[in-house]
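These are the residues of each chain, in order.
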Amino acid sequence: MSNIKAIVAGPRGKMGSEALKMIQNQSTLSLVACIDRMNDGMVVKEVEGLPDMDAVIYTDAAKCLSEVEADVLIDLTTPENGYTHAKLAIENGVRPVVGTTGFTNEELTELTELASEKRVGTVIAPNFAIGAVLMMQFSKWAAKHFPEVEIIEKHHDQKLDAPSGTAIKTAELIKEVRESHKQGHENETETLQGARGADVEGMKIHSMRLPGLVAHQEVVFGGLGETLTVKHDSIHRASFMSGVKLAAERVMDLDILVYGLEHLLD
Ligand SMILES: NC(=O)C1=CN([C@@H]2O[C@H](COP(=O)(O)OP(=O)(O)OC[C@H]3O[C@@H](n4cnc5c(N)ncnc54)[C@H](O)[C@@H]3O)[C@@H](O)[C@H]2O)C=CC1
Ligand SMILES: O=C(O)C1=N[C@H](C(=O)O)C[C@H](O)C1
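Model, not experiment: these values are computed from the prediction. (Residues numbered from 1 in each chain as written. Chains lettered and ligands numbered in written order. Predicted model: local features only at pLDDT ≥ 70, side-chain atom pairs only at ≥ 80, totals over all residues. Heavy atoms only, no water.)

Give me the site of ligand 1: which residues, what numbers.
Taken together, 23 residues lie near ligand 1, and Lys14, Met15, Thr101, Ala125 and Phe128 sit nearest. Contact distances for ligand 1 include 2.8 Å between an oxygen atom and a backbone N or O atom of methionine 15. One of the side-chain nitrogen or oxygen atoms of asparagine 81 is found 3.1 Å away from a nitrogen atom of ligand 1. Its free accessible area being 850 Å², ligand 1 has 84% of it covered by the protein chains. (Near = heavy atom within 4 Å. Polar contact = N/O pair within 3.5 Å; in protein donor to acceptor, adjacent residues only side chain to side chain. Areas by Shrake-Rupley, 256 points an atom, 1.4 Å probe, with all protein chains shown as cover.)

If you had to explain the domain arrangement of the protein chain to someone new, which residues and values would you point to?
Along its sequence, the protein chain is organised into domain 1 (4–124 + 238–259) and domain 2 (130–234). Averaged C-alpha coordinates put domain 1 and domain 2 at centres separated by 29 Å. Facing 10 residues of domain 1, the contacting portion of domain 2 comprises 11 residues. In total, domain 1 and domain 2 occlude about 760 Å² of area from one another, counting both sides; carbon and sulfur atoms represent 57% of this. Counting across the domain 1 and domain 2 interface gives four residue pairs in polar contact (both at pLDDT 80 or more). (Domains from an automatic or database assignment. Contact = heavy atoms within 4.5 Å. Buried area = accessible area lost by both parts, 1.4 Å probe.)

An account of the site of ligand 2 is needed here, citing residue identities and associated values.
Around ligand 2 sit Thr101, Pro126, Asn127, His155, His156, Lys159, Asp161, Ser164, Gly165, Thr166, Ala215 and Phe240, and those are all the residues in its vicinity. Side-chain polar atom of histidine 156 to an oxygen atom of ligand 2: 2.8 Å apart, as the coordinates give it. Protein contact buries 85% of the 320 Å² of open area that ligand 2 shows by itself. Classifying every residue of the shell around ligand 2 by side-chain character gives three nonpolar, seven polar and two charged. (Nonpolar A, V, L, I, M, F, W, Y, C, P; charged D, E, K, R; others polar.)

So what's going on with the pairing of strand S11 (residues 226–234)? Which residues, and what values?
Bridging between strand S10 (residues 215–223) and S11 involves nine bridges; their strand directions are antiparallel. If you follow glycine 223 over to S11, its bridge partner there is glutamate 226. Following S10, the chain reverses through two residues before pairing antiparallel with S11; glycine 225 in that reversal takes a positive phi of roughly 70°. (Pairing = 2+ DSSP bridges. Helix = DSSP H or I, 4+ residues; strand = E, 2+ residues; numbered from the N terminus.)

Could you give an account of the UniProt feature "domain: Dihydrodipicolinate reductase C-terminal" (unreviewed entry) in the protein chain, with specific residues and numbers?
The UniProt feature table records "domain: Dihydrodipicolinate reductase C-terminal" (unreviewed entry) at residues 131–265. As annotated, residues 131–265 has a helix share of 27% and a strand share of 29%, and its two end C-alpha atoms lie 12 Å apart. (UniProt positions renumbered as here; feature names shortened; annotations may be inferred.)

An account of the sheet that holds strand S9 (residues 203–209) is requested, with residue identities and associated values reported.
One open sheet accounts for five strands, arranged S8-S9-S7-S10-S11; its pairing is mixed. Both outer strands of the open sheet, strand S8 (198–200) and S11, are each paired with one neighbouring strand and no more. Between one strand axis and the next, the sheet turns by 20° as a mean value, whatever way the strands run. Sitting on the sheet, helix H6 (residues 165–175) touches strand S7 (148–155), S8, S9 and S10, and the angle it makes with S10 is about 30°. (Axes fitted to C-alpha atoms, helices over the stretch in contact; angles between N-to-C directions.)

Describe in detail the sheet that holds strand S2 (residues 29–35), supporting the description with residues and values.
Read from one edge of the open sheet, seven strands run S3-S2-S1-S4-S5-S6-S12, paired in parallel fashion. Of all the strands in the sheet, the pair left with one neighbour each is strand S3 (56–58) and strand S12 (257–259). Taking each pair of neighbouring strands and ignoring which way they run, the sheet shows an average axis angle of 25°. Of the pairings in the sheet, the one linking strand S5 (residues 95–98) to strand S6 (residues 122–124) comprises two bridges and is parallel in character. By the bridge assignment for S6, valine 97 is matched with valine 123. Against the sheet, helix H7 (residues 241–250) engages strand S1 (4–9), S2, strand S4 (72–75), S5 and S6, with an angle of about 160° to S5.

Let's hear about the nonpolar core: which residues, and what values?
By size, the foremost hydrophobic cluster in this structure holds 55 residues, and its most contacted members are Ile23, Leu31, Val44, Ile74 and Phe221. Taken domain by domain, this core gets at least three of its residues from each of domain 1 (4–124 + 238–259) and domain 2 (130–234). If you look at the next biggest cluster of nonpolar residues, it comprises 14 residues, including Ala9, Cys64, Leu65 and Leu73. (Core = buried A, V, L, I, M, F, W, Y, C linked by side-chain atoms within 4.5 Å. Buried < 20%, exposed > 50% of the residue type's maximum accessible area, 1.4 Å probe, protein only.)

I'd like to hear about the environment of lysine 144, residue by residue, with values.
Among the structural elements, lysine 144 can be located in helix H5 (residues 130–145). Each C-alpha atom of the pair lysine 144 and arginine 178 lies 6.4 Å from the other, and the pair is 34 residues apart in sequence.

An account of a nonpolar patch on the surface is requested, with residue identities and associated values reported.
Residues Ile130, Leu134, Phe138 and Trp141 make up a contiguous nonpolar surface patch of roughly 410 Å² in combined accessible area. Relative to the assigned elements, isoleucine 130 resides in helix H5. Under the relative-accessibility criterion, isoleucine 130 is labelled partly exposed at 31%. (Patch = residues over 30% accessible without salt bridge, like charges linked within 9 Å, V, L, I, M, F, W, Y side chains within 5 Å. Salt bridge = Lys/Arg side-chain N within 4 Å of Asp/Glu carboxyl O.)

Written out as structure tokens, the structure is:
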């Protein structure tokens, strides 16, 4: 697959700017437009800090998606805008590749149904790093043998959603093999609210936000006399870009929505 025409939403963001660099440095994708909150009508290279690329910037997502001839929309924005952009893209026959996290289950269901109805391939992946996808798969495997598990996710302090999309996806994968049950002491109480974290069928998720962090997760399993920790660290946002590229290539052959990069890996 070559010359896949891509729109990037969120080009000035931490992920969006990395995606522009990735597109600039490979040959299968080309940038045909951007969707941003500002700089309407300017071209990318005119915006300070953005790479030397000629695509036009739109602030009106509906206009961009109906006017520009594009194959894929790469969305790296915010939960609310990511959902709206994905919906608009599907309605306009542009295949969404969504990294944005924080969607509700209702939004995911709606997008899944819309993608099937319109037969527009869609990828929503809470984590595009190959190592993170493996960390989630290893965790699912481990949970078959160690059903007592807690998830600790650590991110930079500019992150809007908690817990992370990755932590939620990990819990969902573990749920497929772990029977729902309460963990810890049956009479456990919290003397400080939130001390035990968020609860998914008895599994706990703890979210840490600090400057200096990028994206990190530990899945800690406890057994009789032993613990097992499955750990992944993204130390640079370049870690996500091979997954974004793979998703943009593979979405061209889909006519349904897939949730999670694992569905696209061999
Ligand atoms: N799936 C994955 O592998 C990864 C996903 N993420 C997710 O990607 C999203 C973006 O993350 P970051 O780049 O770190 O955030 P960021 O805050 O650096 O960037 C978000 C960008 O979206 C822009 N934006 C907001 N509203 C917009 C709108 N209506 N139209 C166009 N652009 C708009 C903002 O101006 C900003 O530049 C988050 O939801 C984050 O959780 C982050 C890293 C990896
Ligand atoms: O906001 C981030 O940075 C990240 N968000 C994604 C998530 O919510 O899981 C992926 C990665 O953890 C980085």
